Amino acid sequence: MLLSDRRLILFGGKGGVGKTTMAAACAGLFADQGLRTLLVSTDPAHSTADLLGMPLGNAPRRVRESLWALEIDAEADAEAHVRRIARDAEHSVSPEVLPTLRRHLDLARHSPGTVESAMLDRFAGLIGWGSGAETAGDAWDRIVFDTAPTGHTLRLLALPGLLTTWVEGMVRQRERVRGMDRMLRNLAGREEATADPVVARLRERRDRLRATRARLLADAAFWLVLIPERLAIEETARALRTLEDHDLTVSGLIVNRVLPDEGEGAFLRARLVQQRERMAELAQRFPTRPLLSVAHAAREISAPEDLPDIARQLDAPGRAAQPPM
Ligand SMILES: Nc1ncnc2c1ncn2[C@@H]1O[C@H](COP(=O)(O)OP(=O)(O)OP(=O)(O)O)[C@@H](O)[C@H]1O
Ligand SMILES: [Mg+2]
């Protein structure tokens, strides 16, 4: 069921529902099929590394036959980006303004959008836009992301339309100014100015977002992971709406931590009654969605040898949401 033709598989869902576990199991499934697979984690807590039983870094590392993994360190990327700007600036601005510029860059590094923007740039690079070794998106048959972009990032991705209007307005304005400038230069007998670097950068950014979005629309499948509880169901409904508002493809839902339908004791029976209600609610609210369920394991899932059991359940054919018997 998970083995679709789409090259990018993204797992979304509330905190702690099992995205990282599902992503690792899913990446393992692809690798078992001989598909060259890259598992990408965005989790600063290194859960993927723990689960795979090996340290991971900011560049792809080989896990086993056909499987590679990396942990995006967006903070480090943002830091490197700001350092690069500072280095460039040192050669192009006068020494008196340098301290002020450094203060500004320092503020920029700690402002909320910077890390997210670095994450988006990295994401864009990984799915095949840009330059450099890892950006050869075609090097991978499948790329599995353990956490889908959040609402904010999605808005950035939806932005190219807006950005185009804005960039074009800006270009016209700058061209007017530069036209005037050129006329004065010509009158003064000086030569033509070179291309405008600000406009070039804006256009580059717009094109990058546009390409990323196109790639997501054409190549990405989202799976929403949830547990059979009320808050998770609500969050799933919201995520589904957001993704579909952006015309992204949601392949289906994965209901994780489903309790086995047998068990002794008042506590377990009470939980099962509630779980049946939630499963019935899922069937009713998402009647046409493929739905995979993954059993609540008796033991914790924390090592590579725990993953095949999860993978086997993900590999099952999807079915309509059904309350357990
Ligand atoms: N089916 C399952 N049975 C038992 N334990 C599970 C199951 N699925 C996940 N877990 C456990 O639940 C915990 C959370 O899972 P995981 O880290 O995959 O969630 P997550 O959605 O990635 O969390 P976060 O939002 O923090 O990134 C882990 O300790 C994991 O081992
Ligand atoms: Mg996680």
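Note that the coordinates shown come from a computational prediction; the quantities given were computed from them, not determined experimentally.

**Let's talk about the overall build of the protein**
- Per the secondary structure count, the protein includes 11 helices and eight strands.
- A fraction of 76% describes how many contacts in the protein between residues 6 or more apart in sequence connect residues 24 or more apart.
- About 17,500 Å² of surface is accessible on the protein, with carbon and sulfur atoms providing 54% of the total.

**Considerations on the packing of helix α1 (residues 19-32) against helix α11 (residues 307-314)**
- Two elements in contact, α1 and α11, have axes separated by 8 Å at closest approach and are oriented at 80°. Looking at the two axes, α1 sits roughly perpendicular to α11. Packed against α1, whose contacting residues are Thr21, Met22, Ala24, Ala25, Cys26 and Leu29, the element α11 presents Leu307, Ile310, Ala311 and Leu314 at the interface.
- Grouping the amino acids of the contact of α1 with α11 by side-chain chemistry returns nine nonpolar, one polar and no charged.

**Some details on helix α9 (residues 230-245)**
- Under the 1.5 Å per step criterion, the end-to-end length of α9 is 23 Å for 16 residues, consistent within 8% with the ideal 22 Å.
- Asp247 lies just past α9 and shows a positive phi near 65°.

**Here's the deal with the site of ligand 1**
- Close to ligand 1 lie 15 residues; Lys19, Thr20, Thr21, Arg257 and Ile301 are nearest.
- Within the backbone of Val17, an N or O atom sits 3.2 Å from an oxygen atom of ligand 1.
- Lys19 is positioned with one of its side-chain polar atoms (N or O) 2.8 Å from an oxygen atom of ligand 1.
- For ligand 1, whose accessible area on its own is 640 Å², the fraction buried by protein is 75%.
- Considering each element in turn, the shell around ligand 1 owes the most residues, three residues, to α1.
- Taken together, the residues that form the shell around ligand 1 break down as five nonpolar, seven polar and three charged.

**Some points on the environment of Arg62**
- Tracing the backbone shows Arg62 in strand β3 (residues 61-64).
- The partly exposed category is assigned to Arg62, whose relative accessible area is 47%.
- Each C-alpha atom, one on Arg62 and one on Thr37, is 9.9 Å from the other, the two residues being 25 residues apart in sequence.

**A word on the confidence of the model for the protein**
- Put simply, the protein has an average pLDDT of 83, and 82% of its residues get 70 or more.
- Predicted confidence for residues 320-325 stays below pLDDT 50, and this span has 15 contacts to residues more than four positions away or in other chains.

**Quick look at the pattern of salt bridges**
- Scanning all chains against the criterion turns up 14 salt bridges.
- Two residues, Arg210 and Asp207, come together in a salt bridge whose shortest N-O distance is 4.0 Å. Here Arg210 pairs with Asp207, and both are found in helix α8 (residues 197-219), just three residues apart, close to one helical turn.
- What makes Arg210 partly exposed here is its relative accessible area of 39%.

Each value, and the rule that gives it
- Residues numbered from 1 in each chain as written.
- Chains lettered and ligands numbered in written order.
- Predicted model: local features only at pLDDT ≥ 70, side-chain atom pairs only at ≥ 80, totals over all residues.
- Heavy atoms only, no water.
- Helix = DSSP H or I, 4+ residues; strand = E, 2+ residues; numbered from the N terminus.
- Contact = heavy atoms within 4.5 Å.
- Areas by Shrake-Rupley, 256 points an atom, 1.4 Å probe, with all protein chains shown as cover.
- Axes fitted to C-alpha atoms, helices over the stretch in contact; angles between N-to-C directions.
- Parallel < 35°, antiparallel > 145°, perpendicular 65-115°, else oblique.
- Nonpolar A, V, L, I, M, F, W, Y, C, P; charged D, E, K, R; others polar.
- Expected span 1.5 Å × (residues − 1).
- Near = heavy atom within 4 Å.
- Polar contact = N/O pair within 3.5 Å; in protein donor to acceptor, adjacent residues only side chain to side chain.
- Buried < 20%, exposed > 50% of the residue type's maximum accessible area, 1.4 Å probe, protein only.
- pLDDT = per-residue confidence, 0-100.
- Salt bridge = Lys/Arg side-chain N within 4 Å of Asp/Glu carboxyl O.

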